[in-house]
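Read off the chains here:
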Amino acid sequence: MTNNDFDAIVIGSGISGGWAAKELCEKNMKVLMLDRGRMVEHGTDYITEGKGPWELAYRGNLPAAEVDRDHVMSKWGGAGQTSQTHFFNNDRLNPIDFENSKPFRWVRPNQVGGKSLIWGRVALRWSHIDFEANKRDGNGIAWPIDYQELAPWYSYVEKFAGIAGSKEGLPQLPDGEFQRPHPMNAAELWVKERLEKAVPGRKLISTRTANMTEDKPEQGRTRCQDRNMCGRGCSFGAYFSTQAVTLPAARKTGNLTLMSDQVVTNLEYDPATKRVTGVRVVDANTKLAHVYRSRIVFLCASAMASNQILLNSRLPGSDRSFADSSGVLGHYIMDHCFRTNVWGTVQDPALEPLIAYGRRPNGVYIPRFRNLNGQDPDADFVRGYGMQGAAERAPAEPVGFGAAMKEAMRKYGPWIIKFTAFAECLPYKDNTLSLNPNKLDRFGVPLAVFNVTFRDNEMKMMRDAALQGEAMLKAAGLVDVASDNEEHVPGDAIHEMGGACMGEDPRASVVNRWSQAHDAANLFVTDGSQMASTSCVNPSMTFMALTARAADHAVKLAKAGAI
Amino acid sequence: MLFDRRGLLARAGMILASEIAAPLARALAAEAAPGFSATEVQFTPDQRALVSAVSERIIPTTDTPGAIAAGVPAFIEMMLADSYAPGDRDDFMNKLGMVEGYARIRYAKAFVALSPDEQDQVLTLAMQGGISMLGEEFFVHCRQLVVLGYYTSEIGCKQERVYLPVPGRYDGKYPYADVRRVFAL
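**Looking at the overall build of chain A**
Stage number 1. Along its length, chain A carries ten helices and 22 strands.
Stage number 2. Over its C-alpha trace chain A gives a radius of gyration of 23 Å, about what one expects of a compact globule, namely 24 Å for 563 residues.
Stage number 3. Based on the C-alpha atoms only, the size of chain A along its principal axes is roughly 75 × 55 × 50 Å.
Stage number 4. Looking at chain A as a whole, 59% of its 563 residues qualify as buried.
Stage number 5. Considering only intrachain contacts with a sequence separation of at least 6, the fraction spanning at least 24 residues in chain A is 71%.

Next comes the structure, spelled out in structure tokens:
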């Protein structure tokens, strides 16, 4: 320990990094948490919070020229909205590369807290079906853990984060430790009643979300106020973010050192001891390099950035990564396939007098219903998809002009419910992230090269979602039912995963069942890069659970003198 | 929320609630041709007066303030200057000039000097595609700019619509009869 600056270094301060810092600090480790982005303090740095449209730059819409110049990828996460542009990466200053021009949208944040400030907050557990999928259909690397192993860790992180949801008893979407759910609106309840009757096995539930419906006074957090301005930061601390939840907990221990503007370029490694010996950073402002040393390293830089850092961490005298003895580092890059939409109108005079008061932070969810008990006979694909949606009434359209138009626009249009399908993406070994040794970024790091495509199975699921979606809405009695497809581009769902996949066999995977690198016992990779498959549900709760579990294991190993 | 991912267009769509004119869509969706750079455009005083007059007829002062009080003309000037591609901006200004030209031929007066009824007749004709060389879509485009500017203004949000900065609860079965207005986004 004598040569170490810290007991542990956590690289990244997003959803995973925040949890790693909290857990390690609370177990009395001296922790350094590094983030490449600038500092954002809870509350005081939420500069657009609570502002009306008239108070936002350009009334909320960043000019096209600026978006095209600086946010060609991050615009897909919302960087074009001036209410939150400051929470996104400048893509011009942080370029990436593509193999054979295959597109990838890497939507990155640029601040302490990472994407925890701007995430969609959908908070779902994976099920046993998800963890067994690779083994069952032979795609990708079999998961070495099962749902039962992770279940207590889901409970642990859910209780602290504060998750609102309803218990449904569904095997494909396990219940958790929930606060009461956010309410559904009149049209959603109307659809739920008819849909669940018309299509056996189909469920429509309030989307489980990390926006609290009950206060947590012990954490200084207040329940959601239904502003739906989450992406600007929330001073109430109503939704889970590093700033509101894990950072205060880590700071309270007195064990945390947090440094912003520190770009990790690579890890230093000693092949003799098979340990990571240092974390090399370049200061984003001064461009000065420094190496920090610790006994344990948690890599939580975000799925794609963690791959980039690992690939750039070479064995001495080699261009091979120390973490790639398996040869699969940077392989099996995945993202959910989405942007197939279905919608319909709820036409019932009983709903006409009703509108929505307040702006809910969530919507409704249709849990996976395909291939739940083995292969559905009519499914030409493996695995499945879920659907996220909401019913809303838009203000009436302008017709004509003048006083009559203005008066007519005081009314609402019809109740329309709309869903977007999110499909599981199979782990393809040749969907890769590699480095371009001939192009370095401004910190001297080789550019990440993306070579990722969706394939037949994903496209078949998108088609099935449109067909099934239209059929179920018609069966439920909606009118003007339709669907459409937008371009499906990997990265766009911002659920990118894989590359440093978990597996039992060190010859075929990068981390073991404890998220611990096969090639370095003191390195834990606990963000999305460790995922060996994607499920079809949103992944953040699983990152949290795996991170808390890995931290617990790492400290036990350290105390036993094993690492 | 589902529609957040869609970003700008979705939000503008919620305000406009209709198909968005292509130049405005380009400005909002950031798909302008590369090389576009924002430049300062200043309306001439006559152009500013014309835009003000047209805006006010589209959303006039009634029991709540109209477009001029809400700052819509300045909003349109800002959008054209900072967000529109140069070609779209020039096209818009040219077509606005055709509305002015029609007023001068038909009434031998500037649009701003016409009575409100006469102004409405000109705009109605523009809406119906009755002004030569000026398609119906110009009126729709113009109306979208006015609608977007008005309903994102403080007056539009707080006086014409009902603004809830901190609702504190969600009620998805709220009686419209209790408010008889639209809640601002």
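**A look at the sheet that holds strand E13 (residues 337–346) of chain A**
All names here are of chain A.
Stage number 1. Within the open sheet, the six strands sit side by side as E6-E15-E16-E17-E13-E20. Their pairing is antiparallel. At either end of the open sheet lies a strand with only one pairing partner, and these are strand E6 (205–206) and strand E20 (479–485).
Stage number 2. Pairing of E13 with E20, which is carried by five bridges, proceeds in the antiparallel orientation. Bridging across to E20, Asn341 finds its partner in Asp484.
Stage number 3. Against the sheet, helix H5 (residues 186–198) touches E13, strand E15 (364–366), strand E16 (385–395) and strand E17 (412–423), its axis set at about 60 degrees to E17.
Stage number 4. Its contacts with the sheet place helix H9 (residues 456–475) against E13, E16, E17 and E20, and it is angled at close to 10 degrees to E13.

**Here's the deal with the interface of chain B and chain A**
Stage number 1. Opposite the 53 residues of chain B that make contact, chain A presents 55 residues.
Stage number 2. Among the secondary structure elements, those contributing two or more residues to the side of chain B that touches chain A are helix H1 (8–16), helix H2 (22–29), helix H3 (45–58), helix H4 (72–83), helix H6 (116–127), helix H7 (136–151), helix H8 (154–160) and strand E1 (171–175) of chain B.
Stage number 3. For the side of chain B that touches chain A, the element with the highest residue contribution is E1(B), accounting for five residues.
Stage number 4. Here the residues of the side of chain B that touches chain A sort into 31 nonpolar, nine polar and 13 charged.
Stage number 5. Judged from the three bridges that link them, strand E14 (residues 354–357) of chain A and E1(B) form a sheet pairing that is antiparallel. Among the inter-strand pairings, A:Leu354 is bridged to a residue of E1(B), identified as B:Pro175.

**Thoughts on H4(B)**
Stage number 1. Between its terminal C-alpha atoms H4(B) stretches 15 Å, which fits the 16 Å expected from twelve residues at 1.5 Å a residue.
Stage number 2. Among the residues of H4(B), those classed as buried are B:Val72, B:Pro73, B:Phe75, B:Ile76, B:Met79, B:Leu80, B:Asp82 and B:Ser83.

**Focus on the confidence of the model for chain B**
All names here are of chain B.
Stage number 1. The predicted model of chain B has a mean per-residue pLDDT of 85, with 79% of residues at 70 or higher.
Stage number 2. At the low end of the mean pLDDT range in chain B sits H1, at 47; at the high end sits E1, at 98.
Stage number 3. pLDDT under 50 marks residues 30–39. Its contacts with residues more than four places away, or in other chains, come to 22 contacts.
Stage number 4. Predicted complex metrics record ipTM = 0.93 and pTM = 0.94.

**A short note on the domain arrangement of chain A**
All names here are of chain A.
Stage number 1. Segmenting chain A into domains produces domain 1 (1–37 + 95–162 + 240–335 + 428–453 + 498–563) and domain 2 (179–238 + 337–423 + 454–489).
Stage number 2. With centres defined by C-alpha atoms, the gap from domain 1 to domain 2 works out at 32 Å.
Stage number 3. Broken down by secondary-structure element, the contributors of at least two residues to the side of domain 1 that touches domain 2 are helix H3 (128–137) and helix H6 (242–252).
Stage number 4. Ranked by the residues each element gives to the side of domain 1 that touches domain 2, the list is headed by H3, at three residues.
Stage number 5. Counted by class, the side of domain 1 that touches domain 2 contains 15 nonpolar, two polar and three charged residues.

**Examining the sheet that holds strand E18 (residues 432–440) of chain A**
Residue and element names in this part refer to chain A.
Stage number 1. Reading across from one edge, E3-E19-E18 is the order of the three strands in this open sheet, with mixed pairing throughout. Sheet topology places strand E3 (97–98) and E18 at the edges, where each strand pairs with a single neighbour.
Stage number 2. Inspection of the sheet shows E18 paired to strand E19 (residues 446–451) by six bridges, in the antiparallel sense. Along E19, the bridge assignment pairs Thr432 with Asn451.
Stage number 3. Running over the sheet, helix H7 (residues 303–311) touches E18 and E19 and is turned about 60 degrees from E18.

**Let's talk about the pairing of strand E9 (residues 275–283) of chain A**
Residues and elements named next belong to chain A.
Stage number 1. Both strand E8 (residues 262–270) and E9 contribute to a ladder of eight bridges, which runs antiparallel. Directly across from Val263, in E9, lies its bridge partner Val282.
Stage number 2. By the bridge criterion, four bridges tie E9 to strand E10 (residues 289–292) in an arrangement that is antiparallel. Residue Arg280 lies in a different strand from E10, and its bridge partner there is Val291.
Stage number 3. From the end of E9 to the start of E10, which pair antiparallel, there are five residues, and Lys287 there has a positive phi angle of about 65 degrees.

**Quick look at the environment of A:Leu311**
Stage number 1. Here A:Leu311 lies in helix H7.
Stage number 2. Those residues in contact with A:Leu311, other than ones at most four positions away along the chain, are A:Ser321, A:Leu329, A:Gly330, A:Ser434 and A:Leu435.

The rules behind the values
- Residues numbered from 1 in each chain as written.
- Chains lettered and ligands numbered in written order.
- Predicted model: local features only at pLDDT ≥ 70, side-chain atom pairs only at ≥ 80, totals over all residues.
- Helix = DSSP H or I, 4+ residues; strand = E, 2+ residues; numbered from the N terminus.
- Rg over C-alpha atoms; globule rule 2.2 N^0.38 Å.
- Buried ≥ 20, exposed ≤ 12 C-beta atoms within 10 Å, placed from the backbone.
- Contact = placed C-beta atoms within 7 Å.
- Pairing = 2+ DSSP bridges.
- Axes fitted to C-alpha atoms, helices over the stretch in contact; angles between N-to-C directions.
- Nonpolar A, V, L, I, M, F, W, Y, C, P; charged D, E, K, R; others polar.
- Expected span 1.5 Å × (residues − 1).
- pLDDT = per-residue confidence, 0-100.
- Domains from an automatic or database assignment.

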